[in-house]
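Residue-level structural notes
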Amino acid sequence: MKITLNWLKDYVDAGLPQEELLERLSAAGLNIEDRRSLGDDLYVELEVTSNRPDCLSLIGVAREVSALSGKPLVIPTVEYKTSGVKVEDVASVDVLDAGLCPRYTARVIKGVKVGPSPAWMRKRLEAIGLRAVNNIADITNYVLMECGQPLHAFDYDRLNERRIVVRRAKAGETITAIDRKEYELKDDMLVIADAARPVAVAGVMGGLDTEVGDSTTNVLLESAYFEPVSIRRTSRALKLASDSSFRFERGVDWKGVDWASRRAASLMAEISGGEVLESVIDVQGEKPPVVKTSMRFSRLPVILGIDVPADEAVRILKALQFRILSRDAERVEVEVPSHRHDVEREIDLIEEVARHFGYDKFDVEKPISIAVTLPSKEDSIEEEVREMLVANGCNEVVTVPFVGDDPAGRACFWDAEEPLVVRNPVNKREGLLRRSLLPCFLRVKRHNQNHGVADISIFELSRVFLPKRGRKLPEEKRVVGILRDGDFADLKGILESLFAGLHVGERVTYRSSESAVFSQGAVITCGEAVLGQVGMVSDRMVVDYDLRGRPAYAEIDFKALVKEVADVVRYVPLPRFPAVERDLSVIIDAGVPWGKIRECVEGAGIETLREVRFVDLYSGEHLPEGKKSIAFRMIFRREDGTLTGEEATGAVETILERLKTEFKAELRS
Amino acid sequence: MKDQLAKILAEAKAEIGAASAAEDLEALRVKYLGRKGVLRNIMAKLSKLSPEERPAAGQLANRVKQDIASLVGERLKSLSIAPEDREVFDATLPGRMRPYGTLHPITHVTREVKRIFHQLGFEWVEGPEVEDGWHNFDALNIPPNHPARSETDNFYITDDLIIRSQTSSVQIRVMEKQKPPIRIIAPGRVYRPDTVDATHHYFFHQVELLMVDRGLTFVDLKNIITLFIRGLFGPEVKVRMRPSYFPFTEPSAETDISCVFCGGSGCRVCKDTGWLEMGGSGMVDPNVFEAVGIDPEVYTGLAFGFGIDRFAMLKYGIDDIRLLTENDVRFLKQF
Ligand SMILES: [Zn+2]
């Protein structure tokens, strides 16, 4: 709400220094958003929360000032002479939808001279950012800002049959509003029509055709109460908002409807020389109920934690125009003023008391009781994973989960239905909710590449959204994503460090697998559990994202990983006897993966074999076509005595025999 | 003989000290200690001494033998430590640096929040980001047709599936499952349609606090917020609360802290007001309690939701919120 302090003074003289007044307003919930000196006046913009439409006017603000300063509220007196003619005799109002328009009033002012408003009025309107138009339009705006009740002035003579019909729009009807744009109306929108056509979008904007202009001599003045939800829906649907719709959609004061009409009529008589017809057409449907509620004084300390004397609480409610219906030692019963739609319960009254008692009174030192909590296993491992990835040279990223409908955007390593689609995305091309971090990481990769950062290693522990059949909400799987510029072994090395650090490395296996996401990829398992996938991203994605170079990517199911990590580490006694190491180098078909060779060695039935370690891989010169040479180290040890060289040699021979029968391996000399 | 042994030891010391390779040392070992070495030679002469002289001389010879052996051993060790090709030592040459990574500023700040609330005994919980209308709106006292449900303020998937616009939905999930006393803190990503610029984004982070127990009051709320803010920004920071409106709390408050850049005297960051807006808070609205079956006559609750991005920006002096999700590695490496 935009005000100037001099204008405010018309309704209340707080008798406070300017700075103190502003501070008190802010402390009462009307925060100062902006301020600007206007010579001898001060422009102030107040933040009004959506529950307080009663403060969307100068009188509304003055009401608060009056309550917080104890100074009286001065409402302008409304007086004007009326002609002998009754308004009912020259105009009619039919409200066909009393649900959407519970109250409609009309007055007629005859013989107005349309021209510029007086300087004082123009100055005030312009000070709060309104454009002066002509005296009639300015008066409706002035009264709107003064009391919060939107008004509309029609050119009476342009209304067919001098009739006002408040009804829903008919399908296909259109109206050109005073912003000179044409709007197509729908049958759930309320319009003000004359005998023939809509002349205003109710509560939102008037029509161009019946707008008051220089040639206007007679005015029909509308002041009404429209149903808030309907106004909001119409305003949103038409993408048309105004000072009027802003107030109607938050709710105006039922009791203020007629006062605003009389106030505007009196100003029209005074300023434009018009003559106000006698009486008013006031069509009323169902009145909002009078709200009565009560407050137990004992609840004040229960909610607030400080003692507010009962007398003080009652004084505050009275000052805010709550009518005291009864009061005893325990409680006070009040009638809520008609402009306060936000108050209906005890807690609402407690808030009123707290607000005007002052939140600064709650500065009471009070210790908080201590409780003990331990981080969960998942929590601790989450931190460990972050630390280890950082120690491996990865930078943590935070990415937005909206992705495009492209192969990367649809990428998914998990069991899931089609991705969820956002109905109203900010960026139309990124309307899918990700099922993998990959598309987000490719965006990061591209951004960095385009800003001269060539090689990146990034990770994130975040969520992917996996729709599941028969479930309302998607599964939100927490995954660890890692993207790195480098080859497969580079990224696999990081995973190995990570798994080793969590003491699950020995049970993790990698099995190469085909997928649309990777040109070369592997499924990662730990025991029975699938942990995720790792691979080099496919050509298609490199092209789609304009990447120079092919990054490696891995995605790990965080919960599955946590499950595999032991709850408690158990110490294993150190070996008491020395180990014997033996190396073996074999020539074998190039197609046999190392993993198979290791499995074969481990499965050779050698009880003393403790470890098999890859040493070297060679293919090419000096080797037959289609063959490779693999060297590995075996470590043997007995737990019950020193292993002899002969035992080790025997074991190696057994293993070699096994490799020969299984893979036709040959010893490399 | 004594003199002779001393001389041998001195010579050996010099030669071993000068040796610069393991092979040289091996040769010296053979020369002095070998089967045909200098010391063997001397020892052979022991028999020629008188029986009185013999034990002392023998001991001395043995000691010299041990000394030489350990000199060789030490020199060998030192040779293996100092690379022989570094003739001129240059400490300013770069080392073999290991790659290093960094945590995102949001994580740094979230960790601090976590640390503070762990000390106060709060449990850390999370809730879904894709929510239904009940948890994101109805149970939070935001009935159908409430303006806060509009498509301009929320990302919708279907009419009853929303990407959460605040972490308060976690409050409902916790209270549906857990009986008071409740003491939780819930960090999370939230989403609200907005035009992206230096200070606005449609994706940001919040931390939600909820405490439900007998006897909790607005005074406790203010104390906890003050503890938290001071834990984060230091003991000198002032906290101010002013009335505000949120459907799920009443009374509600907006929290301001004295500007951490100018200390309250006014600067560009605080727009010369001396205060910075931190986020919303309040006492849990009785309607929310009723939605989850907690008796508001018996229990009271307090809650707040603060923006983590804002904390990070203030803490590190980041002047553009877009940097937080752009993930430029040159930016990330600074934290
Ligand atoms: Zn400042």
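Just so it is clear, the model here is predicted, and its values are computed rather than measured.

Turning next to the domain arrangement of chain A. Often, the extent of an interface is quoted as the loss of accessible area upon association of its parts. According to the domain assignment, chain A contains domain 1 (2-69), domain 2 (82-284), domain 3 (292-361), domain 4 (377-564) and domain 5 (580-667). Between domain 3 of chain A and domain 4 of chain A, the C-alpha centre-to-centre distance is 55 Å.

Listed per partner, the contact involves 82 residues of chain A and 86 residues of chain B. Sorting the residues of chain A by area buried against chain B places Tyr-359, Val-398 and Arg-423 of chain A first, and these three jointly supply 11% of that buried surface. Here Asp-285 of chain B makes a salt bridge to Arg-345 of chain A, at a shortest N to O gap of 2.8 Å. Taken together, the links from chain A to chain B amount to 41 residue pairs in polar contact (both at pLDDT 80 or more).

The subject of this paragraph is the sheet that holds strand E31 (residues 627-636) of chain A. All names here are of chain A. Strand order across the open sheet formed by 4 strands is E30-E31-E29-E32, with antiparallel pairing between neighbours. Across the chains shown, the open sheet's two edge strands, defined by having one partner strand only, are strand E30 (609-618) and strand E32 (666-667). For strand E29 (residues 580-589) and E32, the ladder comprises 2 bridges, and the chain directions are antiparallel. Its bridge partner lying in E32, Ile-587 is registered against Glu-666. The sheet contacts of helix H17 (residues 594-602) involve E29, E30 and E31, and relative to E30 the element is tilted by about 150 degrees. Here helix H18 (residues 645-663) sits on the sheet in contact with E29, E31 and E32, set at roughly 15 degrees to E29.

Attention now moves to the sheet that holds strand E1 (residues 2-4) of chain A. Residue and element names in this part refer to chain A. On the basis of which strands lie adjacent, the open sheet formed by 3 strands has the order E1-E3-E2 and antiparallel pairing. If you trace the sheet from one side to the other, it starts and ends with E1 and strand E2 (31-38), each paired once. Strand-to-strand twist of the sheet, defined as the mean angle between neighbouring strand axes without regard to direction, takes the value 20 degrees. Pairing of E1 with strand E3 (residues 41-47), which is carried by 3 bridges, proceeds in the antiparallel orientation. When the bridges of E3 are listed, Lys-2 appears paired with Glu-45. Sitting on the sheet, helix H2 (residues 18-27) touches E2 and E3, and the angle it makes with E2 is about 155 degrees.

Before going further, it helps to spend a moment on the domain arrangement of chain B. Partitioning chain B into structural domains gives domain 1 (2-85) and domain 2 (105-332). The C-alpha-based centres of domain 1 of chain B and domain 2 of chain B are spaced at 78 Å.

In this section: unusual backbone geometry. Leave glycine aside and you will find that most residues have negative phi; peptide bonds, for their part, are mostly trans. Cis geometry marks the peptide bond from Pro-180 of chain B to Pro-181 of chain B; its omega dihedral reads 5 degrees. Its place among the elements puts Pro-181 of chain B in the loop between helix H7 (168-177) and strand E5 (182-191). Look at the link from Glu-250 of chain B to Pro-251 of chain B: it is a cis peptide, with omega at -5 degrees. Of note, Pro-251 of chain B is situated in strand E8 (residues 249-258). Positive phi, normally seen in glycine, also occurs at Lys-239 of chain A, with a value near 50 degrees.

Here the focus is the packing of H17 of chain A against H18 of chain A. When two helices pack together, their arrangement is given by the angle between their axes and by how far apart the axes lie. Residues and elements named next belong to chain A. The N-to-C vectors of H17 and H18 enclose an angle of 130 degrees; their axes lie 9 Å apart at closest approach. Compared by their axis directions, H17 and H18 come out oblique. Along this stretch, H17 crosses H18, giving a crossing that reads as right-handed. Facing Lys-596, Ile-597, Cys-600 and Val-601 of H17, the residues of H18 in contact are Ile-655, Arg-658, Leu-659, Glu-662 and Phe-663. Across the contact of H17 with H18, the residue classes tally to 6 nonpolar, no polar and 3 charged.

Now for empty space enclosed by the protein. Counted according to the given criterion, the structure contains 3 cavities of 30 Å³ or more. Estimated volume of the largest cavity: approximately 380 Å³. Considering the residues around the largest cavity, the lining is formed by 25 residues, among which Glu-382 and Arg-386 of chain A together with Thr-110, Glu-126 and Arg-189 of chain B are closest to the centre. Secondary-structure elements contributing two or more residues to the lining of the largest cavity are helix H12 (377-391) and strand E23 (457-466) of chain A together with helix H5 (105-119) and E5 of chain B. It is H5 of chain B that contributes the most residues to the lining of the largest cavity, 5 residues altogether. A breakdown of the residues in the lining of the largest cavity according to their chemical character gives 7 nonpolar, 5 polar and 13 charged.

With 14 residues, helix H14 (residues 488-501) of chain A should cover 20 Å at 1.5 Å per step; its first-to-last C-alpha distance of 20 Å lies within 8% of that length. Structurally, the start of H14 of chain A carries an N-cap: the backbone nitrogen of Ala-489 of chain A is 3.2 Å from a side-chain oxygen of Asp-487 of chain A.

With that settled, consider the packing of aromatic side chains. Residue and element names in this part refer to chain A. Scanning the model with the defined rule gives 30 aromatic pairs over all chains in all. On the basis of an interplanar angle of 25 degrees and a centroid distance of 6.0 Å, the ring pair of Phe-413 and Tyr-553 is categorised as stacked. Taken as a pair, Phe-413 in the loop between strand E21 (402-403) and strand E22 (432-433) and Tyr-553 in strand E28 (residues 551-557) lie far apart in primary sequence, 140 residues in all. By relative accessible area, which is 11% here, Phe-413 ends up buried. Stacked on the ring of Phe-357, the Lys or Arg Lys-361 has its end atom at 4.8 Å from the ring centre. A cation over a ring is seen here: Lys-477 above Trp-414, with NZ or CZ 5.0 Å from the ring centre.

Once that is clear, we can look at the coordination of the zinc ion. All names here are of chain B. Protein ligation of the zinc ion involves Cys-259 (SG), Cys-262 (SG), Cys-267 (SG) and Cys-270 (SG), the donor distances falling in the range 2.2 to 2.3 Å. For the zinc ion, the 4 donor atoms are set out with angles of 103 to 113 degrees between them, so the coordination reads as tetrahedral. Binding-site remark: the zinc ion is held by donors from one chain whose sequence spacing is C-x2-C-x4-C-x2-C. Taken as a pair, Cys-259 and Cys-267 share a single burial class, namely buried.

Conventions we followed
- Residues numbered from 1 in each chain as written.
- Chains lettered and ligands numbered in written order.
- Predicted model: local features only at pLDDT ≥ 70, side-chain atom pairs only at ≥ 80, totals over all residues.
- Heavy atoms only, no water.
- Domains from an automatic or database assignment.
- Contact = heavy atoms within 4.5 Å.
- Buried area = accessible area lost by both parts, 1.4 Å probe.
- Salt bridge = Lys/Arg side-chain N within 4 Å of Asp/Glu carboxyl O.
- Polar contact = N/O pair within 3.5 Å; in protein donor to acceptor, adjacent residues only side chain to side chain.
- Pairing = 2+ DSSP bridges.
- Helix = DSSP H or I, 4+ residues; strand = E, 2+ residues; numbered from the N terminus.
- Axes fitted to C-alpha atoms, helices over the stretch in contact; angles between N-to-C directions.
- Parallel < 35°, antiparallel > 145°, perpendicular 65-115°, else oblique.
- Left-handed = near helix turned anticlockwise from the far one by under 90°.
- Nonpolar A, V, L, I, M, F, W, Y, C, P; charged D, E, K, R; others polar.
- 1 Å grid on protein atoms, 1.4 Å probe; cavity = no way out; pocket = protein on both sides within 12 Å on 5 of 7 lines; lining within 4 Å.
- Points joined across faces, edges and corners; volume = space filled by probe spheres on them.
- Expected span 1.5 Å × (residues − 1).
- Phe/Tyr/Trp six-rings, centres within 6.5 Å; stacked < 30°, edge-to-face > 60°.
- Buried < 20%, exposed > 50% of the residue type's maximum accessible area, 1.4 Å probe, protein only.
- Lys NZ or Arg CZ within 6 Å of the ring centre and 35° of its normal.
- Donors = N, O, S within 2.8 Å, 3.2 Å for Na, K, Ca; no water.
- Tetrahedral: all angles 85-135°; square planar, octahedral: opposite > 155°, others 65-115°.

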